[in-house]
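Chains, contacts and geometry: an overview
Here are the chains, one letter per residue:
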Amino acid sequence: MVDCACGFGKGIPEEQKLCSVCGADLSPLHRLKGLPNEYYKQGSKAADEGRLDTAIEMFSTAVSLDPLFGLAHKRLGELYLQRKSPREAKQHFRAAFESGGADEQILKEIRSADAEADRQVSNVNASRRPKSAFRQLALACILAFLAGISSTALVTYLRSSRGATPLSPDAARIAESV
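Residues numbered from 1 in each chain as written. Predicted model: local features only at pLDDT ≥ 70, side-chain atom pairs only at ≥ 80, totals over all residues. Heavy atoms only, no water.

1. Here's the deal with the overall build of the chain
On a plain count of helices and strands, the chain comes out with 7 helices and 0 strands. Starting at the N terminus and walking to the C terminus, you meet the elements of the chain as α-α-α-α-α-α-α. Looking at the chain as a whole, 29% of its 178 residues are labelled buried. Considering only residue pairs separated by 6 or more positions, the chain has 37% of its internal contacts joining residues 24 or more positions apart. Here the chain displays about 11500 Å² of accessible surface, and carbon together with sulfur accounts for 55% of that area. (Helix = DSSP H or I, 4+ residues; strand = E, 2+ residues; numbered from the N terminus. Buried < 20%, exposed > 50% of the residue type's maximum accessible area, 1.4 Å probe, protein only. Contact = heavy atoms within 4.5 Å. Areas by Shrake-Rupley, 256 points an atom, 1.4 Å probe, with all protein chains shown as cover.)

2. Remarks on the packing of helix α1 (residues 27–48) against helix α3 (residues 70–82)
It is at 11 Å that the axes of α1 and α3 come closest, and there the two elements cross at 25 degrees. Between α1 and α3, the angle is such that the two are roughly parallel. The hand of the α1/α3 crossing is left-handed. Where α1 approaches α3, its residues Tyr40, Ser44, Ala47 and Asp48 are matched on the opposing element by Leu71, Ala72, Arg75 and Leu79. Residues that form the contact of α1 with α3 fall into these classes: 5 nonpolar, 1 polar and 2 charged. (Axes fitted to C-alpha atoms, helices over the stretch in contact; angles between N-to-C directions. Parallel < 35°, antiparallel > 145°, perpendicular 65-115°, else oblique. Left-handed = near helix turned anticlockwise from the far one by under 90°. Nonpolar A, V, L, I, M, F, W, Y, C, P; charged D, E, K, R; others polar.)

3. A look at α1
Given 3.6 residues per turn, any residue in an α-helix points the same way as the ones three and four places further on. Across its 22 residues, α1 extends 32 Å between first and last C-alpha, which sits within 8% of the 32 Å expected from 1.5 Å per residue. Within α1, the axis deviates most sharply at Leu35, by approximately 35 degrees, and proline Pro36 lies no more than four positions further along. Along α1, the residues classified as buried are His30, Pro36, Tyr40, Gly43, Ser44, Ala46 and Ala47. Contact partners of the buried residues in α1: α2 (52–65) and α3. Two residues or fewer after α1 comes Gly50, characterised by a positive phi angle close to 85 degrees. (Expected span 1.5 Å × (residues − 1). Bend = angle between axes of the 7 residues up to and from the residue.)

4. Digging into the confidence of the model for the chain
Model confidence for the chain is summarised by a mean pLDDT of 75, while 61% of its residues fall at 70 or above. Confidence scores differ between elements of the chain, with helix α7 (residues 169–177) showing the lowest mean pLDDT of 57 and α2 the highest of 93. (pLDDT = per-residue confidence, 0-100.)

5. Some remarks on the packing of aromatic side chains
Aromatic ring pairs: the centre-centre distance and the angle between the two ring planes describe each pair. Applying the stated criterion to the full structure yields 2 aromatic pairs. Seen in terms of ring centroids, Tyr40 and Phe59 are 5.4 Å apart; in terms of plane orientation they differ by 55 degrees. Their pairing is tilted. A residue pair is termed long-range when its members are at least 10 positions apart, and Tyr40 in helix α1 and Phe59 in helix α2 qualify at 19 residues. Since its relative accessible area comes to 0%, Phe59 is described here as buried. (Phe/Tyr/Trp six-rings, centres within 6.5 Å; stacked < 30°, edge-to-face > 60°.)

6. As for α3
Over its 13 residues, α3 extends 19 Å from the first C-alpha to the last, a length consistent with the 18 Å expected when each residue adds 1.5 Å. Every buried residue of α3 is accounted for by Gly70, Ala72, His73, Arg75, Leu76, Gly77, Leu79, Tyr80 and Leu81.

Listed below in structure tokens is the structure:
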């Protein structure tokens, strides 16, 4: 079903080639209406062949032509999860869910994307923490040395001021060696 550009012909079935109101040829509109499905088919074929970049491009084109194309959103979500991009995956799973593809599987995929995003964030944070903590500790040791504060006093201060996050044994050993 398409709507004619004249604005008066609405919901015209594919079998009807001309607008009953203005007489315009509707064949191009009917062909445009089928484009998202064609891009979906090409994306499915590319995904099956392992060409993820091409598949993502095809499915993205399908959803840009039809933002309510739930199956294409779902496939994009799956591909983004494979590529370790949980934020994008979650966005497309939500779009699939909101477009009427509300089934338990999509909800599970959204939860899976959330969990993957949380894992990535915690991995990034964990990889940053030691460097940042080491820099802070090194700076504190240098400042303590310049101020004439003993390393034992510095370690005692750091252990007491860090609260729930205790000073690691390695950090304490580094501080005491300064």
